[in-house]
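Residue-level structure breakdown
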Amino acid sequence: MPQNLNSANPQGVMPKQLCRSFQEELRLEALLNQYADGSSDRNALAQNVRHFFRLVPGVNGADWAALWQFYIQHQGPAFYFYNLRETVPPFSYDPSGQNTIGRYTVVFDGQWSDTYNVARTDVALQLREVA
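Residues numbered from 1 in each chain as written. Predicted model: local features only at pLDDT ≥ 70, side-chain atom pairs only at ≥ 80, totals over all residues. Heavy atoms only, no water.

What follows is about the overall build of the chain. Scanning the chain from N- to C-terminus turns up two helices and nine strands. Helices (α) and strands (β) of the chain occur, in sequence order from the N terminus, as α-β-β-β-β-α-β-β-β-β-β. The C-alpha extent of the chain, read off along each of the three principal axes, is 55 × 40 × 30 Å. Across the chain, the fraction of contacts at a sequence separation of at least 24, relative to all contacts at a separation of at least 6, is 63%. Counting every atom, the chain has about 8,600 Å² of accessible surface; 49% of that belongs to carbon and sulfur. Charged side chains of the chain number 10 positive and 12 negative; the gap between the two group centres comes to 5 Å. (Helix = DSSP H or I, 4+ residues; strand = E, 2+ residues; numbered from the N terminus. Contact = heavy atoms within 4.5 Å. Areas by Shrake-Rupley, 256 points an atom, 1.4 Å probe, with all protein chains shown as cover. Lys, Arg positive; Asp, Glu negative; His and termini not counted. Charge placed at Lys NZ, Arg CZ, Asp CG, Glu CD.)

This is the structure in structure tokens:
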């Protein structure tokens, strides 16, 4: 089955005000088979880690509205996300998406879920690297 997957075609760049609200997770996913005697077999599914970005709890009203608009517009297609700590110089941002340093091609991982508090809103939202 060579070349049976299409590469992601990113459409848009997440705004800087939203990029700063995510924290990074690195995962190396593996198959795990556990047996009754306590032994197990493990097999890595990839050679490199995959980046996930989780929204930190407690976004303000303006960021919530901007994130909701961006989520509605980008539910299906992939888009660019800048991990601002990795950009050169640090915490720089390219709204055109041309700068490749610190840029990831991601999609939303899961559905939108939020909880309203007095001054802030908790949104359970995650990004998954696809390319």
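Having seen the model, we can carry on.
Bridge count between strand S1 (residues 22-27) and strand S4 (residues 50-55): six bridges; the pairing is antiparallel. Of the residues in S4, the one forming a bridge with Phe22 is Leu55. (Pairing = 2+ DSSP bridges.)

This paragraph deals with the sheet that holds S1. If you walk across this open sheet you meet the five strands as S1-S4-S9-S6-S5, and the pairing is antiparallel. If you trace the sheet from one side to the other, it starts and ends with S1 and strand S5 (79-82), each paired once. Direction aside, the axes of adjacent strands within the sheet are offset by 40 degrees on average. When strand S6 (residues 103-108) meets strand S9 (residues 126-129), the two strands line up antiparallel, connected through three bridges. Across the sheet, Phe108 pairs through a bridge with Leu127, a residue of S9. (Axes fitted to C-alpha atoms, helices over the stretch in contact; angles between N-to-C directions.)

This paragraph deals with the side chain of Thr87. Position of Thr87 among the secondary structure elements: in the loop between S5 and S6. A residue is classified by how much of its surface remains accessible, and Thr87, at 3% relative accessible area, is buried. Within the structure, the side chain of Thr87 is placed 3.1 Å from the backbone nitrogen of Ser92, a separation counted as a polar contact. With residues up to four places along the chain from it excluded, the contact list for Thr87 reads Tyr82, Ser92, Ile101 and Gly102. (Buried < 20%, exposed > 50% of the residue type's maximum accessible area, 1.4 Å probe, protein only. Polar contact = N/O pair within 3.5 Å; in protein donor to acceptor, adjacent residues only side chain to side chain.)

Honestly, it's all geometry; don't read function into it.
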